[in-house]
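Structural characterization, general
Next come the chains, spelled out residue by residue.
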Amino acid sequence: MNEEAIAALEPALAAHTGYLAYRAFARAQACGIAAMPAGRHPRDLAILAALVERGPVSQARLGELLNVNRTIMVKVVDGLEAAGLVRRERDPADRRRYALAPTAEGRAALSAMHQAAAGGEAELVSRLTPAEHRRLNELLTPLIPDLTKVLPGSITSRTGFLIARAHHRLRERGDQALRNLRIEPRHFGALTTLAAAEPCSQQRLAGRMGVSGPAIVQTIDELDRAALIVRDRNPVDRREHVLRLTDQGRTHLAQARSALDEIQQEIADLLTEPGVTELNALLSKVATT
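Reading the values: rules and limits
Residues numbered from 1 in each chain as written. Predicted model: local features only at pLDDT ≥ 70, side-chain atom pairs only at ≥ 80, totals over all residues. Heavy atoms only, no water. Helix = DSSP H or I, 4+ residues; strand = E, 2+ residues; numbered from the N terminus. Rg over C-alpha atoms; globule rule 2.2 N^0.38 Å. Buried < 20%, exposed > 50% of the residue type's maximum accessible area, 1.4 Å probe, protein only. Contact = heavy atoms within 4.5 Å. Areas by Shrake-Rupley, 256 points an atom, 1.4 Å probe, with all protein chains shown as cover. Lys, Arg positive; Asp, Glu negative; His and termini not counted. Charge placed at Lys NZ, Arg CZ, Asp CG, Glu CD. Axes fitted to C-alpha atoms, helices over the stretch in contact; angles between N-to-C directions. Parallel < 35°, antiparallel > 145°, perpendicular 65-115°, else oblique. Left-handed = near helix turned anticlockwise from the far one by under 90°. Pairing = 2+ DSSP bridges. Expected span 1.5 Å × (residues − 1). Salt bridge = Lys/Arg side-chain N within 4 Å of Asp/Glu carboxyl O. pLDDT = per-residue confidence, 0-100. Nonpolar A, V, L, I, M, F, W, Y, C, P; charged D, E, K, R; others polar.

1. Some details on the overall build of the protein
Check the secondary structure of the protein and you find 15 helices and five strands. Taking 289 residues into account, the globule formula puts the C-alpha radius of gyration at 19 Å, and the protein, at 21 Å, falls close to it. For the protein, the proportion of its 289 residues judged to be buried stands at 47%. In the protein, the proportion of contacts linking residues at least 24 apart, taken out of those at least 6 apart, comes to 62%. For the protein, the exposed area adds up to about 14,100 Å²; of that, 52% sits on carbon and sulfur atoms. When the 38 positive and 34 negative side-chain charges of the protein are each reduced to one mean point, those points stand 3 Å apart.

2. As for the packing of helix α11 (residues 185–197) against helix α12 (residues 202–209)
α12 packs onto α11 with a crossing angle of 115° between their chain directions and a minimal axis gap of 10 Å. When the axes of α11 and α12 are compared, the pair comes out roughly perpendicular. For the crossing formed where α11 meets α12, the hand is right-handed. Across from R186, G189, A190, T193, L194, A196 and A197 in α11, the residues of α12 making contact are R204, L205, R208 and M209.

3. Things to note about the sheet that holds strand β3 (residues 200–201)
Taken together, three strands build an open sheet; the order of strands is β3-β5-β4 and the sheet is antiparallel. Since the sheet does not close on itself, it has two edges, and those belong to β3 and β4 (229–233), each with one partner. Summarising the sheet, β4 and strand β5 (residues 241–245) pair through five bridges and their orientation is antiparallel. Counterpart to R233 in the pairing with β5 is H241. Where helix α13 (residues 213–225) meets the sheet, it contacts β4 and β5, and its direction lies at approximately 105° from that of β4.

4. Quick look at helix α3 (residues 42–54)
It helps to recall that an α-helix has 3.6 residues per turn; residues three or four apart then point in one direction. Between its first and last C-alpha, α3 extends 18 Å over 13 residues, near the 18 Å set by a 1.5 Å rise per residue. Within α3, the full set of buried residues consists of D44, L45, A46, I47, L48, A49, A50 and L51. Phi turns positive, to about 85°, at G55, one or two residues after α3.

5. Let's talk about the pattern of salt bridges
Taken as a whole and assessed by the stated rule, the structure comprises 17 salt bridges. Here E266 ties to R173 by a salt bridge, and the two come within 2.7 Å at their closest N and O atoms. Residue E266 is located in helix α14 (residues 247–271), and its partner R173 is located in helix α10 (residues 159–178); the two are separated by 93 residues in the primary sequence. The salt bridge involving R244 is made with D232; its shortest N-O contact spans 3.0 Å. Here D232 lies in strand β4 and R244 lies in strand β5, a separation of 12 residues in the sequence.

6. Side note on the environment of L270
Following the sequence through the fold, L270 ends up in helix α14. Taking C-alpha positions, L270 is 6.9 Å from P142, a pair spaced 128 residues apart along the chain.

7. Things to note about the environment of I47
Looking at the secondary structure, you find I47 in helix α3. Sequence separation between I47 and A118 is 71 residues, and the spatial gap between their C-alpha atoms is 17 Å. Excluding anything up to four places from it in sequence, I47 contacts L62, L66, M73, V76 and L80.

8. A look at the confidence of the model for the protein
Confidence in the prediction for the protein averages 90 pLDDT; 94% of positions are at 70 or higher. Contacts of residues 1–5 to residues separated by more than four positions or lying in other chains number 17 contacts, the stretch itself having pLDDT below 50.

9. Quick word on the packing of α11 against α13
Interaxial distance between α11 and α13 falls to 10 Å at its minimum, and their mutual angle equals 85°. When the axes of α11 and α13 are compared, the pair comes out roughly perpendicular. The segment α11 lies against α13, with R186, H187, A190 and L191 engaging Q218, T219, E222 and L223. For the contact of α11 with α13, the class distribution of residues is three nonpolar, three polar and two charged.

10. Details of unusual backbone geometry
Geometrically, the link from E198 to P199 is a cis peptide bond, its omega value of -10° lying close to zero. Looking at the secondary structure, you find P199 in the loop between α11 and β3. One non-glycine residue, N67, lies in positive phi territory at about 60°. Mapping N67 onto the fold places it in the loop between α4 (59–66) and α5 (70–82). The class of N67 is partly exposed, set by a relative accessible area of 30%.

Next up, the structure:
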C-alpha cells in the first residue's frame, strides 16, 4: 500500500470533498492494482469491459470515455493487442477508421479480471457496512452522471471506478477554479496544510499531506518561486528548512478557498448539504486503513 493510502487524513482539508476523493482514489488504485492478475492493470479491465459490453469502439473514443490520455491509451492498447486480448477492425460507423474489439482470449481474461477486481473491491470497502457501500455508490453517481449512462454497468457499479472518476472530475473542476490564481489543487492542499502547521519542515508537511518526498519537493519549489511560501533555516537544526506562508501566500490561499467553496456548493446542490456530509464521511472511511 502506498504512502497516500497509509497516512492519516489532513484535518485542515477534511471538509473538502475533492481532497477526500483524491485520498480515496489513492487507496482504490492501490487495492485495484494489488488484486489484478500478474501483468494486468485495472485500466485493462475497464477497456476490455467497454469493448465486450459496448461493441467495437475507436481508440480515441475509448480514451475519452475512460479519461485516458492519447499517449497512455496507445501504449495500453498496444500491450493488449500484443497479448492477443484485443484486435483492430474496420469501424462500422466509419470504414476509414479502425475500431477495437475483444478477442476470445480477451473475453476469457476479462472474466478472470472481474473475479480479481471483486477481491480488490472487497478490500477497498472493508470498513463499510453493506448499506454504507451501497450509499457511497449512490452518492458518487450524481457527480459523474454522463459516464454511468455510456459505460457498461460492470464498470460503473464498482466503487473503485466511481471514486476514480469522481476524483478526476473534481480535480478538473478544481484546476478550472484555480487557473486565474496560477495554482493547482495540490498547491492549495500544501498551502492549507502549511497554514495549519507553520512553521513546518518539508518532511512534516509531506507526512501530513500523505505524499512522497519528490512530490512535495516539486510543489514546494513551485510555491517558493511564486513567492507564496518562504524557506528559512531551522534554528534548532541548521541542516533543515522550515516553511512559512508569505503575505501573498495567505492572500492566495484565501482566494483559493473562496473559489473551491463554489465547487463545494455545486456538490451540495447535487447531493444536499447532508448528502455532502455523508459522502465525506464515507470517503474518509474508505481512504484510511
